[in-house]
Amino acid sequence: MTKDAAGPPTATPPGAGQAAGAASSKSKRKRVPYLLLLPGGIWLILFYVIPMIQLAGVSLQEGSFQTGYEFTWAWQNYTSAFTAFGEHFVRSILYAGTATLLALLIGYPLAYAIAFRGGRYRNLLLILVLMPFLTPFLLRTLAWKVILADSGWVVGVLQSIGIIAENGRLLATGWAVVAGITYNFLAFMTLPIYVSLEKIDPSLIEAAQDLYSNPRTAFRKVTLPLSRAGIVAGTLLTLIPASGDFVNAQLLGNPQQLMIGNVIDSRFLRIVDYPTAAALSFTLMVAILLIVIPYVRAVGTEDLVA
Amino acid sequence: MPEVRDRDAAGGSEEPLAVALSGVTKRFGDVVAVDNITLEIGENRFYALLGPSGCGKTTTLRMIGGFEDPDSGSIRLHGEDVTGLKPYQRPVNTVFQSYALFPHLDIFENVAFGLRRKKVPGAEVTQRVGEMLDLVQLVGMDKRKPGQLSGGQRQRVALARALINHPRVLLLDEPLGALDLKLRKEMQIELKRIQNEVGITFVHVTHDQEEAMTMADTIAVMNEGRIERLGGPTEIYEDPRSAFVAGFLGASNLMKGDRKGTAVTLRDSSTIALPEGLAFGPDGPIQLGVRPEKMSLVATEAAPVGANSILASVVDVSFIGVSTHYLLRTSWGTEVVVVVQNLDDERHAAGSSVAATWLPQHTFVVS
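Bear in mind the structure is a predicted one, so any value in this text is a computation, not a measurement.

Reading guide: rules and limits
Residues numbered from 1 in each chain as written. Chains lettered and ligands numbered in written order. Predicted model: local features only at pLDDT ≥ 70, side-chain atom pairs only at ≥ 80, totals over all residues. Helix = DSSP H or I, 4+ residues; strand = E, 2+ residues; numbered from the N terminus. Buried ≥ 20, exposed ≤ 12 C-beta atoms within 10 Å, placed from the backbone. Contact = placed C-beta atoms within 7 Å. Nonpolar A, V, L, I, M, F, W, Y, C, P; charged D, E, K, R; others polar. pLDDT = per-residue confidence, 0-100. Pairing = 2+ DSSP bridges. Expected span 1.5 Å × (residues − 1). Axes fitted to C-alpha atoms, helices over the stretch in contact; angles between N-to-C directions. Parallel < 35°, antiparallel > 145°, perpendicular 65-115°, else oblique. Domains from an automatic or database assignment. Core = buried A, V, L, I, M, F, W, Y, C linked by C-beta atoms within 7 Å.

1. A few points about the overall build of chain A
- If you tally the helices and strands in chain A, you get 13 helices and two strands.
- Each of the 306 residues in chain A was classed as buried or not, and the buried ones make up 30%.
- Taking all contacts inside chain A whose residues are at least 6 apart in sequence as the whole, residues at least 24 apart take part in 67%.

Structure follows, in structure tokens:
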């Protein structure tokens with residue numbers, strides 16, 4: 001007993017047994033969070049960290065599918081990949097950025113309407129927002145192919161009001177890709193914004209009005225800042241996956257204007273040029289981080305806590 | 001009532017009332033929340049709207065603040081008709097029930113919110129926020145966020161945020177409801193002090209009769225969308241006039257009887273004398289009331305001459321410390337509560353027969 005209790009220096013004879021018991025339960029309590037982290041941690045290490053390291057290794061290999069690849073610190077993979085496909089990077093970021101902006105412009109009013117005007121139809125409206133997601137991604141995107149088809153009504157209407165030329169088309173243009181991405185990621189934008197808006201106590205808006213804010217000022221000074229966390233979450237959930245998306249560009253776009261996701265897809269699976277594909281993947285990741293980190297810092301959410 | 005009218009008159013009859021509601025009705029669907037209320041609140045008053053939940057007091061306050069529009073009737077603030085004006089167009093400010101502090105702004109910006117909207121210059125804002133935080137005793141808290149404050153401190157911020165705009169009327173919606181008892185008592189005194197200091201009309205909604213009595217100089221007791229009784233705390237306590245007010249404002253012993261002139265015959269044929277003030281009135285069935293603390297207990301045969309008394313037996317005795325509460329039952333089965341100060345050691349045991357006596361002037365009549 002005394003030996004056991006010798007560990008913690010404060011354990012003195014009178015309540016030695018109790019003190020030791022308390023100490024062991026204390027250390028047990030300290031261990032619990034780590035134990036809880038274990039399953040997720042193992043999952044992440046096995047299926048994220050290790051593949052990432054492997055991918056990093058692959059991105060520095062040299063060789064060909066026929067002769068086999070060899071690790072040679074081939075940094076030139078990065079420079080050549082970027083020179084060859086820089087245009088695709090720029091286009092990806094541009095498309096994803098535009099789609100994110102459009103999704104925000106559509107998703108925010110949508111979330112606002114559901115949260116503040118939805119009344120008892122709130123849940124129904126939320127289900128309607130999610131409904132398209134019950135059909136597969138591919139099918140939804142193919143549906144847009146029909147909507148934007150040259151003989152479709154959308155093109156017809158736009159032609160007749162002169163927004164696109166008489167023989168102009170939507171399919172196989174950047175706009176079709178942006179429209180597809182916007183649509184496919186709309187729920188990822190809408191739901192986090194809805195959650196942040198729904199949490200706002202209506203009496204805060206009344207308080208703002210009581211303090212001489214007209215509805216527009218009340219929105220700008222209270223509702224908008226309080227929904228910032230939702231906007232940040234929504235834009236990230238849209239921008240990040242949209243930057244790497246290749247389905248929309250492949251189905252709705254034009255083969256001369258592909259996104260970086262298409263290039264990585266074909267390098268990996270069709271051309272079987274693993275090093276370039278890996279280098280492109282890493283470059284895309286860094287590019288996204290370079291955009292996201294300053295964005296989160298600028299509109300950061302930490303001062304919303306407490 | 002006369003007392004109140006006098007004080008209103010002293011405020012100057014030419015000066016328009018701070019708040020005047022006339023014939024205001026508000027319905028929510030089929031429910032009539034406020035039923036044709038007419039209310040006049042003088043300048044520099046601490047006015048309480050008191051009543052149980054659902055009595056329409058909060059709706060009345062929200063209509064003064066502009067958060068609800070009345071279905072009929074008009075609302076005037078200092079003589080100016082504000083019916084239909086938006087909250088931001090009215091010279092009133094509100095302290096909300098849950099305080100409604102802006103969680104994304106620090107205390108300084110919360111308090112400065114109204115001044116910022118009115119485009120008050122920065123230096124003046126700083127100075128006025130400083131003065132306000134001083135008034136509500138929150139100096140040094142200006143950089144904190146509402147989430148970092150205690151309930152009582154948030155309450156003070158909400159008060160400062162409203163008062164800084166020099167509203168002509170301050171509306172308080174159950175401002176102390178979320179505080180614990182001790183803090184609530186402190187804030188009652190604090191609110192009264194602040195009202196004296198700033199000298200503007202406070203309209204205070206509460207369901208707590210003690211809170212209303214402690215702070216308000218005029219109380220409007222509301223029930224089912226109407227005002228049941230209006231007057232100073234003492235006046236409406238001593239003469240509640242309706243069974244609802246008698247029961248809601250403190251405890252009352254109510255007894256039915258038959259009136260003939262100034263005498264009322266109770267069910268056991270004993271007679272009660274009415275006070276002089278109630279000397280005139282129609283004969284017939286009547287309901288009387290006496291406050292428990294106005295009664296005293298004596299042995300059956302020792303009832304003093306000139307006092308009203310009823311005979312009853314003691315059902316239950318509880319010693320509270322400052323007083324002893326007796327639960328009595330009369331021969332016709334009515335329960336009577338008597339609160340006796342512990343001035344002597346005399347106690348009446350449960351089961352004993354006693355006479356509960358009181359002075360005629362402590363009798364009131366309810367409808």
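So that's the structure; there's more coming.
2. Section: the overall build of chain B
- Across its full length, chain B carries nine helices and 20 strands.
- Seen along its three principal axes, the alpha-carbon backbone of chain B occupies a region of about 80 × 45 × 40 Å.
- Buried residues in chain B amount to 41% of all 367 residues.
- A separation threshold of at least 6 residues defines the contact pool for chain B, and within that pool the share at least 24 residues apart is 66%.

3. With respect to the interface of chain B and chain A
- In this assembly, 19 residues from chain B lie in contact with 17 residues from chain A.
- If you list the elements that add at least two residues to the side of chain B that touches chain A, you get strand E6 (92–95) and helix H3 (107–117) of chain B.
- At three residues, the largest contribution of residues to the side of chain B that touches chain A is made by H3 of chain B.
- When grouped by side-chain class, the residues that make up the side of chain B that touches chain A number seven nonpolar, eight polar and four charged.

4. Thoughts on the confidence of the model for chain A
Residues and elements named next belong to chain A.
- Across chain A, pLDDT averages 87, with 90% of residues at or above 70.
- The least confident element of chain A, judged by mean pLDDT, is helix H1 (residues 2–5) at 43; the most confident is helix H8 (residues 202–210) at 95.
- Here residues 1–16 is a poorly scored stretch, pLDDT under 50, and it has 14 contacts once near neighbours within four places are set aside; other chains count.

5. Let's talk about the sheet that holds strand E2 (residues 31–41) of chain B
- Sheet architecture is open: four strands sit in the order E2-E1-E4-E5 (chain B), paired in antiparallel fashion. Each edge of the sheet is formed by a strand with only one pairing partner; in this case those strands are E2 and strand E5 (80–81) of chain B.

6. Describing helix H5 (residues 151–163) of chain B
Residues and elements named next belong to chain B.
- End to end, H5 covers 18 Å across 13 residues, agreeing with the expected 18 Å (1.5 Å per residue, within 8%).
- Of all the 13 residues making up H5, 10 are buried; the element is thus mostly covered by neighbouring parts of the structure.
- Within H5, burial applies to Arg 154, Gln 155, Arg 156, Val 157, Ala 158, Leu 159, Ala 160, Arg 161, Ala 162 and Leu 163.
- For H5, the elements touching its buried residues are E6, H3, helix H4 (122–135), strand E7 (169–173) and helix H6 (181–198).

7. Some details on the packing of helix H3 (residues 76–117) of chain A against helix H12 (residues 260–269) of chain A
Residue and element names in this part refer to chain A.
- Between H3 and H12, the shortest axis-to-axis distance is 8 Å and the interhelical angle comes to 130 degrees. Judged by the angle between their axes, H3 and H12 are oblique. Contacts between H3 and H12 involve Phe 85, His 88, Phe 89 and Ser 92 on the former and, on the latter, Ile 260, Gly 261 and Val 263.
- The residue inventory of the contact of H3 with H12, partitioned by class, reads four nonpolar, three polar and no charged.

8. Observations concerning the sheet that holds strand E11 (residues 253–260) of chain B
Residue and element names in this part refer to chain B.
- Taken in spatial order, the five strands line up as E13-E12-E11-E14-E20 in an open sheet, and their pairing is antiparallel. Either end of the sheet is taken by a strand with one partner, and the two such strands are strand E13 (271–273) and strand E20 (364–366). On average, each strand axis in the sheet is tilted by 45 degrees relative to the strand beside it, whichever way the strands run.
- Both strand E14 (residues 284–290) and E20 contribute to a ladder of three bridges, which runs antiparallel. Bridged to Leu 288 within E20 is Val 365.

9. As for the environment of Val 205 of chain B
Residues and elements named next belong to chain B.
- Mapped onto the elements, Val 205 comes out in strand E8 (residues 201–206).
- By the C-beta count within 10 Å, which is 25 here, Val 205 ends up buried.
- Distance from Val 205 to Val 365, taken between C-alpha atoms, is 27 Å for residues 160 residues apart in sequence.
- For Val 205, the residues in contact, after removing those within four places along its chain, are Leu 49, Lys 57, Thr 58, Leu 61, Leu 172, Asp 173 and Glu 174.

10. A look at the domain arrangement of chain A
- Partitioning chain A into structural domains gives domain 1 (2–8 + 15–54) and domain 2 (81–304).
- On a C-alpha basis, the centres of domain 1 of chain A and domain 2 of chain A stand 41 Å from each other.

11. Things to note about the confidence of the model for chain B
Residue and element names in this part refer to chain B.
- For chain B, the average pLDDT comes to 89, and 96% of its residues sit at 70 or higher.
- Taken element by element, chain B is modelled with least confidence in helix H1 (residues 2–10), mean pLDDT 41, and with most confidence in H3, mean pLDDT 96.
- In this model, residues 1–12 is a region of pLDDT below 50 whose contacts with residues beyond four sequence positions or in other chains number 10 contacts.
- We note a pTM of 0.80 for the whole complex and an ipTM of 0.82 for its interfaces.

12. Re the nonpolar core
- If you look at the biggest cluster of nonpolar residues, it comprises 82 residues, and the most contacted ones within it are Val 19, Val 111, Ala 160, Val 169, Leu 170, Val 203 and Val 221 of chain B.
- Every residue in contact with Val 111 of chain B, bar those within four places of it in the chain, is listed here: Val 129, Met 132, Leu 133, Val 157, Ala 160, Arg 161 and Ile 164 of chain B.
- Counting 48 residues, the second-largest nonpolar core is a separate cluster that includes Ile 114, Ile 193, Ile 264 and Leu 284 of chain A.

13. Comments concerning helix H2 (residues 57–65) of chain B
Residues and elements named next belong to chain B.
- Burial runs high along H2: nine of the nine residues are buried.
- Within the span of H2, buried status applies to Lys 57, Thr 58, Thr 59, Thr 60, Leu 61, Arg 62, Met 63, Ile 64 and Gly 65.
- Just downstream of H2, Gly 66 is the residue with a positive phi angle, here 95 degrees.

14. With respect to the pairing of strand E9 (residues 218–223) of chain B
Residues and elements named next belong to chain B.
- Counting buried positions over the six residues of E9 gives five, a clear majority of the element.
- Pairing analysis gives four bridges linking strand E3 (residues 46–50) to E9, with the strands arranged parallel. By the bridge assignment, Ala 48 is partnered in E9 with Ile 219.
- With five bridges connecting them, E9 and strand E10 (residues 226–231) associate as antiparallel partners.

15. With respect to unusual backbone geometry
All names here are of chain B.
- Phi at Glu 174 takes a positive value of approximately 45 degrees, unusual for a residue other than glycine.
- One non-glycine residue, Ser 269, lies in the positive phi region at around 70 degrees.
- Turning to its location among the elements, Ser 269 is positioned in the loop between strand E12 (263–265) and E13.
- The class for Ser 269 is exposed, based on 6 C-beta atoms found within 10 Å.

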